[in-house]
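# Secondary and tertiary structure notes
The primary structure of each chain is shown beneath.
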Amino acid sequence: MPAELYILMTAICLGAMLQVGVGIGFSIIAGPPMMIMLGTPTAVPILLLLNTVVSAVATDRHVLKNNRRIIVTAVIGCCVGVAAGRIVYPLLSEAFVLALTACLLLIGLITTLLPLRGSIGNVGFSAVTGLSGLATVWAATPGPLMVFGLIAKGRSAKEVAKLVQPIALVAYGIAFLLHNLSGAQSISYGSSVWGFLAITLIGSLLGRATGPYLPQAVVIAAIRVVSLIACCVLFYRAYMTA
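Treat the numbers as computed from the prediction; the structure is a model and nothing was measured.

Cut-offs applied
Residues numbered from 1 in each chain as written. Predicted model: local features only at pLDDT ≥ 70, side-chain atom pairs only at ≥ 80, totals over all residues. Heavy atoms only, no water. Helix = DSSP H or I, 4+ residues; strand = E, 2+ residues; numbered from the N terminus. Expected span 1.5 Å × (residues − 1). Bend = angle between axes of the 7 residues up to and from the residue. Buried < 20%, exposed > 50% of the residue type's maximum accessible area, 1.4 Å probe, protein only. Contact = heavy atoms within 4.5 Å. Salt bridge = Lys/Arg side-chain N within 4 Å of Asp/Glu carboxyl O. Patch = residues over 30% accessible without salt bridge, like charges linked within 9 Å, V, L, I, M, F, W, Y side chains within 5 Å. Areas by Shrake-Rupley, 256 points an atom, 1.4 Å probe, with all protein chains shown as cover.

## Some thoughts on helix H2 (residues 26–38)
In this model, H2 (13 residues) spans 17 Å end to end at C-alpha, consistent with the 18 Å of a helix rising 1.5 Å per residue. Pro32 marks the point of greatest bend in H2, at about 25°. Looking at H2, one finds that the buried residues are Phe26, Ser27, Ile28, Ala30, Gly31, Pro33 and Met34.

Below, the structure written as structure tokens:
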């Protein structure tokens, strides 16, 4: 196995573990090396597909049953954001949307460090989920914004790690379908993609096994660190494409 492919497989496995155990992280860990190795047109649909698989494995049916209202609200907001993002995206430069998404993530990160009183209402939460849908279309990073919204809603880090999965499943699934329907480059289902799917499943199962044993403080710290990395990556990509 070439060294580059080994690095990419490792990034996919670690990203899947982090996504399932913490709630975010797959695109942030696996995205950059995949885009460098495969090129953005090829990497984007593969990332959307693998993200959908990770979220499907991580989704807990008990969470769906016990939190149906907040999940439905988040899914509706996400779908509206995805649709709006598809309409607005052609009108804006890539550098602008990447920088705007990074700013939104940075604002969300800062809010987790502030001693906020109470939680946001339904209107505020719907707005955050809509922005998360925009981030899915613009930069394939809906996780941090959705996580910040759920935390601001008063949910614990452990709850957030599970609640975000079915929401991300819908967001990535719709984005993947829209990508293929838009006439963009389709995925070549070669041996590499099946290998990516296999290592994604392995990483997801490892994350599901270890996630419940992570202390809440570790989960919150991981969310903040991964989100900060996402901000830096997005700002850098915005600078390079400007």
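## Focus on the side chain of Asn51
With respect to the helices and strands, Asn51 occurs in helix H3 (residues 40–58). Those residues in contact with Asn51 that sit more than four places away from it in its chain are Phe26, Ser27 and Tyr172.

## What about the pattern of salt bridges?
Two side chains that carry opposite charge are able to pair once their charged atoms sit near each other. Within the structure shown, the criterion is met by one salt bridge. Ionic pairing is found between Arg155 and Glu159, a salt bridge with its closest N-O pair at 4.0 Å.

## Some words on a nonpolar patch on the surface
Judged by side-chain polarity, Val72, Ile76 and Val80 come together as a nonpolar surface patch covering roughly 270 Å² of accessible area. Inspection of the secondary structure puts Val80 in helix H5 (residues 68–88). Here Val80 falls in the exposed class, since its relative accessible area comes to 54%.

So, to be careful, I would describe these as geometric facts and stop short of saying anything about function.
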